[in-house]
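Coordinates in review
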Amino acid sequence: MSLELKNVKKAYREPGGRQLPILNIANFQMASGEQVVLVGSSGGGKTTLLNIIAGITTADEGDVLIGGTNVARLSEAARDRFRAERIGYVFQTFNLLPAFTALENVLLGMSFGGQKADKSRATDLLKQVGLSHRLHHKPAQMSVGEQQRTSVARALVNKPRLLLADEPTANVDSANQQTILDLLRKSCRDSGVSLLLVTHAPEVASQFDRVEKLADFNRPQG
Ligand SMILES: Nc1ncnc2c1ncn2[C@@H]1O[C@H](COP(=O)(O)OP(=O)(O)O)[C@@H](O)[C@H]1O
Ligand SMILES: [Mg+2]
């Protein structure tokens, strides 16, 4: 699905009570099926931006059009449904449910999206991220990198139309970094899914045709 941000603004309230502007994006666009890397300094607002696109955080102002649907104008329930059905999200902090195994976490991603649990698809995705030997481990029983790879499988299980990935290779070795990147890119390419990926790794960013610096289109003070 295409993505368009128009006049999106977001400020957080500082502990002292003052408003701290984080995002002010006049315009940002991605075509359907496009793959874009987003780079920017720590604390620059990348995660906030992905959360706004996913409809987890609401912008103070502006429009977020995903495949023509303005998610900024949907009710919370409709936004949750839209996200579950259309958006895959590899969270920077993984957000796995601690009481469930890797396989169950991936299967839950499916049921939130209203799809019938497909154990063989979930198992196959976990195999593709190199976790066939960790299907029945819970997050606390896995390394950080294994948790990250579980969250990659969960983001793909629902066949999303837009995939958001927040530093998805930050916690894995270079072999797994390339495996994850290839899986995300190939899954998106094969089914025309748009991919917006945040990374600090130059060797990841350099593989993409389009690399955007957040600071180039974000003017929080302006
Ligand atoms: N819920 C929040 N309340 C107040 N400030 C926040 C909140 N979330 C993030 N921030 C601040 O907003 C800025 C941007 O955060 P973030 O989007 O996580 O940046 P990035 O992902 O680029 O490192 C940071 O300075 C952070 O401290
Ligand atoms: Mg972040």
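This section reports on the structure supplied with the text. (Residues numbered from 1 in each chain as written. Chains lettered and ligands numbered in written order. Predicted model: local features only at pLDDT ≥ 70, side-chain atom pairs only at ≥ 80, totals over all residues. Heavy atoms only, no water.)

**Considering the sheet that holds strand S7 (residues 162-166)**
Pairing in this open sheet of five strands is parallel, and the strands run S6-S7-S8-S3-S9 from one edge to the other. Where the open sheet ends on each side, the last strands, each with one partner, are strand S6 (87-90) and strand S9 (210-213). In this sheet, adjacent strand axes meet at a mean angle of 15 degrees when their direction is disregarded. The pairing of S7 with strand S8 (residues 194-198) spans five bridges and is parallel. Across the sheet, Ala165 pairs through a bridge with Leu197, a residue of S8. (Pairing = 2+ DSSP bridges. Helix = DSSP H or I, 4+ residues; strand = E, 2+ residues; numbered from the N terminus. Axes fitted to C-alpha atoms, helices over the stretch in contact; angles between N-to-C directions.)

**Regarding the coordination of the magnesium ion (ligand 2)**
Protein coordination at the magnesium ion (ligand 2): the donors are Thr47 (OG1) and Gln92 (OE1), at 2.0 to 2.2 Å from the metal. Within this pair, whereas Thr47 is found in helix H1 (residues 46-54), its partner Gln92 is found in the loop between S6 and helix H3 (102-112), the two being separated by 45 residues in sequence. Owing to a relative accessible area of 27%, Thr47 belongs among the partly exposed residues under this scheme. Taking the relative accessible area as the measure of exposure, Gln92 reaches 35% and is therefore partly exposed. (Donors = N, O, S within 2.8 Å, 3.2 Å for Na, K, Ca; no water. Buried < 20%, exposed > 50% of the residue type's maximum accessible area, 1.4 Å probe, protein only.)

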